[in-house]
Amino acid sequence: KAGIIKRGVTCTIAPQSDPAIHRVFESHAREVSCGLQAYGAAWRIENQGGSMIHDLGDDRLDLPLPSLPGRHQIDNAGTAITCLRT
């Protein structure tokens, strides 16, 4: 998946269950000199009281939860929102 990271294009990284995968993305991003928006460092998404809270730097959005079930749907939505906001 790191092969789709392109020089000069900001890359958004979703939450990763394995830290080794995250390191591969970081390494490849450095190799091609692209910006990196990594979950936990640059952005966060969480379920708070039935809302989806997206933080990107100092900017926060309070959004409705995805209609599809599962925590991964919140992570997927957060990744897409980060791409759009970046």
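Residues numbered from 1 in each chain as written. Predicted model: local features only at pLDDT ≥ 70, side-chain atom pairs only at ≥ 80, totals over all residues. Heavy atoms only, no water.

Asks: Would you mind going over the overall build of the chain with me for this structure?
Replies: In terms of regular secondary structure, the chain is built from two helices and five strands. The linear arrangement of helices and strands in the chain, starting from the amino end, is β-α-β-β-β-β-α. In summary, the chain has a C-alpha radius of gyration of 13 Å against a globular reference of 12 Å for 86 residues, a match within 12%. Taken along the three principal axes of its C-alpha coordinates, the chain extends 40 × 25 × 20 Å. A burial count over the chain gives 33% of its 86 residues as buried. Restricting the contact set of the chain to residue pairs at least 6 apart, pairs at least 24 apart contribute 55%. A total of about 5,400 Å² of accessible surface is found on the chain, and carbon and sulfur atoms cover 54% of it. Looking at the chain, you have 9 positive and 9 negative side-chain charges, and the mean spots of the two groups are 7 Å apart. (Helix = DSSP H or I, 4+ residues; strand = E, 2+ residues; numbered from the N terminus. Rg over C-alpha atoms; globule rule 2.2 N^0.38 Å. Buried < 20%, exposed > 50% of the residue type's maximum accessible area, 1.4 Å probe, protein only. Contact = heavy atoms within 4.5 Å. Areas by Shrake-Rupley, 256 points an atom, 1.4 Å probe, with all protein chains shown as cover. Lys, Arg positive; Asp, Glu negative; His and termini not counted. Charge placed at Lys NZ, Arg CZ, Asp CG, Glu CD.)

Asks: Looking at this structure, I do not really get the pairing of strand β5 (residues 59-64). What am I missing?
Replies: Along β5, only zero of the six residues are buried, which leaves the element largely exposed. Bridge analysis of strand β4 (residues 51-56) against β5 gives six bridges, and the strand direction is antiparallel. Its bridge partner lying in β5, D55 is registered against R60. Between β4 and the antiparallel strand that follows it, β5, lie two residues; G57 among them carries a positive phi value of about 65 degrees. (Pairing = 2+ DSSP bridges.)

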